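Each chain, letter by letter, is given below.
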Amino acid sequence: MNGKTETQGENFNLQDLLKMGKRMSLNQRTHFFYNFRQNLISRNQDLYLRPVISAADREVTILDPYSGKPQKMLMFGSNNYLGFANDPFIRREVTKAMEKFGSGIGGPPLLNGYTALHRELEERLSALKHSEDTIIFPTGYTTNLGLITAISSENDRVIYDAHSHASFYDGLHMAGVAAQKFHHNNLAELEELLKQSAHESGDTFVGVEGVYSMDGDLAPLDKISELCRRFRAYLIVDDAHGTGVLGKSGSGTAEHFGVAHSVDMHMGTFSKTFAVTGGFISGSRELVHYLRFFARSYMFSAALPPTTVAAVLAALQLMEKEPWRQQQLHANVAYVAAGLRHLGFDVQPQAAIIALRVPEIMNIRAAAYEFHKKGIFVNSVEYPAVAADQQRFRISIMASHTKEDMDRLLEVIQQVWESYGIGLKKSDMVQHSTKMNAEFI
Ligand SMILES: Cc1ncc(COP(=O)(O)O)c(C=O)c1O
């Protein structure tokens, strides 16, 4: 396996995996990959692109790819953490925006795509992120591309966590800036890199995520921000999975650690809690002004439609008026985590993502189909995207899940594990993970 592809974070390159160092023409690649997927489909082991034929909610209806029939499923694979995707108030606000502004804008913000709604959202997000100003991008992915390419120049360096998202890696690649990676959440390594950078000319940027998307663990932003201050490095926090989930006001991971003012660039997405698409950077007024002209993915891409902007504005209103959503989300996470621990899993979720490591004897694709058949929608993260001993099911909890939904999830997890003869008593699990580690180290 090409080590480059296994970051354990949400960054893998399917081209690298496909070629494994071999030269392959496009024809060979398309042919090979088409057959590879057909083979999985013939064994009921491919669940990509399941067509959803209902609104995105705690329960969705999909067209089952194998039977061709509609099937109800409990949704544990969506980042719609606060249940905004199908909220009646948000639907109404979106309809109003459609009536007033129409379906889209047809141009980038600098030219003709900047409505009063866009400005209102920038102001609301600045308040949420305790920042002076905010700039909105078409997606979270292009936010990271635009940010990194705009801020860095040839004398600079970016120090970043190995579990960073593909959009951050791609931003580094596009910028061509000197980049140094530290092992996930390894603060001693980060400190060492910062010490070395103190002797260099140019700026140093540190890139981390508030909540890491594959495991749901947090970056210790209190300590990281202190290191950045000490070594005069700019701190960038991608809080795609922390916004709306953590912090007293739902501001995110920096607020959770009490260091919102120490973050220089707050990156966020509208694709998780806000359940639409888009991304943003909140920071100083001058930085945001600079990005409007130097972030190419902003300058050369059309603005978000007003309906999307209205959905985020309405969601922000709900976050403020209905703090019970965030409380319910945390109560739900705690409930599922307690249920899992009772079954013997070693989980301590800190946000809304729970990663269930899959034992080596379990065929994760076949197990995923068991979840599917039993009406539970979860995402599987498979080898070779991650190492064989790191395969996992990624469960996303939402405020809108009911106790019955969560009990059913736990029941199905138990059934799937037991169908592999894995008893879920604590002692068995401990023995099991020890065995796994011994084999893979
Ligand atoms: C940490 C992180 N950053 C950035 C992105 C990209 O966001 P979007 O899907 O809004 O383009 C994601 C989405 O998966 C993410 O998890």
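No experiment lies behind these values; they were computed from the predicted model shown.

### Topic: the nonpolar core
Alright, step 1. Residues V206, A311, V312, A315 and L329 are the most contacted members of the largest nonpolar core, which totals 111 residues.
Alright, step 2. The element best represented in this core is helix α12 (residues 306-321), accounting for nine residues.
Alright, step 3. Residues lining this core come from more than one domain, with at least three contributed by each of domain 1 (60-86 + 323-441) and domain 2 (105-304).
Alright, step 4. Once residues within four sequence positions are removed from consideration, V312 is found in contact with L121, F270, F274 and V276.

### What to know about helix α4 (residues 116-128)
Spacing of three or four residues puts side chains on the same side of an α-helix, whose turn is 3.6 residues.
Alright, step 1. For α4, built from 13 residues, the straight-helix expectation of 18 Å at 1.5 Å per residue is met to within 8% by its first-to-last C-alpha distance of 18 Å.
Alright, step 2. What α4 keeps buried is the set L117, L121, L125, S126 and L128.
Alright, step 3. Among the structural elements, α3 (88-101), β3 (133-137), β9 (279-283) and α12 are those in contact with the buried residues of α4.
Alright, step 4. Of the residues trailing α4, H130 is marked for its positive phi of about 55°.

### Comments concerning the pairing of strand β8 (residues 265-269)
Alright, step 1. Most of β8 sits inside the fold, with five of its five residues counted as buried.
Alright, step 2. Covered by surrounding structure in β8 are M265, M267 and T269 together with H266 and G268, the residues of both alternating faces.
Alright, step 3. Pairing analysis gives four bridges linking β8 to β9, with the strands arranged antiparallel. Paired with M267 across the strands is I281, a residue of β9.

### Observations concerning the site of the ligand
Alright, step 1. Within the structure, the ligand sits among 16 residues, and G140, Y141, A240, T269 and S271 are positioned closest to it.
Alright, step 2. Sorting elements by how many residues they give to the shell around the ligand places helix α5 (residues 140-151) first, with three residues.

### Brief notes about the sheet that holds strand β11 (residues 376-377)
Alright, step 1. The sheet built from three strands is open, its strands ordered β1-β2-β11 with mixed pairing. The open sheet has two edge strands with one neighbour each: β1 (59-63) and β11.
Alright, step 2. Relative to β11, strand β2 (residues 70-75) runs parallel, the two being bridged by two bridges. Note that in β11 the partner of L74 across the bridge is I376.

### Focus: unusual backbone geometry
If a residue is not glycine, its phi is most likely negative; likewise, a peptide bond is most likely trans.
Alright, step 1. Despite not being glycine, R232 shows a phi value in the positive range, around 55°.
Alright, step 2. With respect to the helices and strands, R232 occurs in the loop between α8 (221-230) and β7 (234-238).
Alright, step 3. Of note in this structure, A275 is not a glycine but carries a positive phi near 60°.
Alright, step 4. In this fold, A275 is placed in the loop between β8 and β9.
Alright, step 5. You can call A275 buried: it has 24 C-beta atoms within 10 Å.

### Section: the sheet that holds strand β12 (residues 379-381)
Alright, step 1. Spatial strand order, β10-β13-β12: three strands in an open sheet with antiparallel pairing. Whereas interior strands pair on both sides, the edge strands pair on one side only; in this sheet they are β10 (353-357) and β12. On average, adjacent strands in this sheet sit at an angle of 30° to one another, irrespective of strand direction.
Alright, step 2. Where β12 meets strand β13 (residues 392-396), three bridges bridge the pair, whose relative direction is antiparallel. Note that in β13 the partner of V381 across the bridge is R392.

### Quick notes on the domain arrangement of the protein
Often the size quoted for an interface is simply the accessible area lost on bringing the parts together.
Alright, step 1. Along its sequence, the protein is carved into domain 1 (60-86 + 323-441) and domain 2 (105-304).
Alright, step 2. Computed from C-alpha coordinates alone, the two centres of domain 1 and domain 2 are separated by 29 Å.
Alright, step 3. Listed as interface residues are 17 residues of domain 1 and, on the opposing side, 18 residues of domain 2.
Alright, step 4. Listing elements by their share of the side of domain 1 that touches domain 2, those giving two or more residues are α13 (324-343) and β10.
Alright, step 5. The element best represented in the side of domain 1 that touches domain 2 is β10, accounting for three residues.
Alright, step 6. When grouped by side-chain class, the residues that make up the side of domain 1 that touches domain 2 number 12 nonpolar, four polar and one charged.

Rules of the game
- Residues numbered from 1 in each chain as written.
- Predicted model: local features only at pLDDT ≥ 70, side-chain atom pairs only at ≥ 80, totals over all residues.
- Core = buried A, V, L, I, M, F, W, Y, C linked by C-beta atoms within 7 Å.
- Buried ≥ 20, exposed ≤ 12 C-beta atoms within 10 Å, placed from the backbone.
- Helix = DSSP H or I, 4+ residues; strand = E, 2+ residues; numbered from the N terminus.
- Domains from an automatic or database assignment.
- Contact = placed C-beta atoms within 7 Å.
- Expected span 1.5 Å × (residues − 1).
- Pairing = 2+ DSSP bridges.
- Near = placed C-beta within 6 Å.
- Axes fitted to C-alpha atoms, helices over the stretch in contact; angles between N-to-C directions.
- Nonpolar A, V, L, I, M, F, W, Y, C, P; charged D, E, K, R; others polar.

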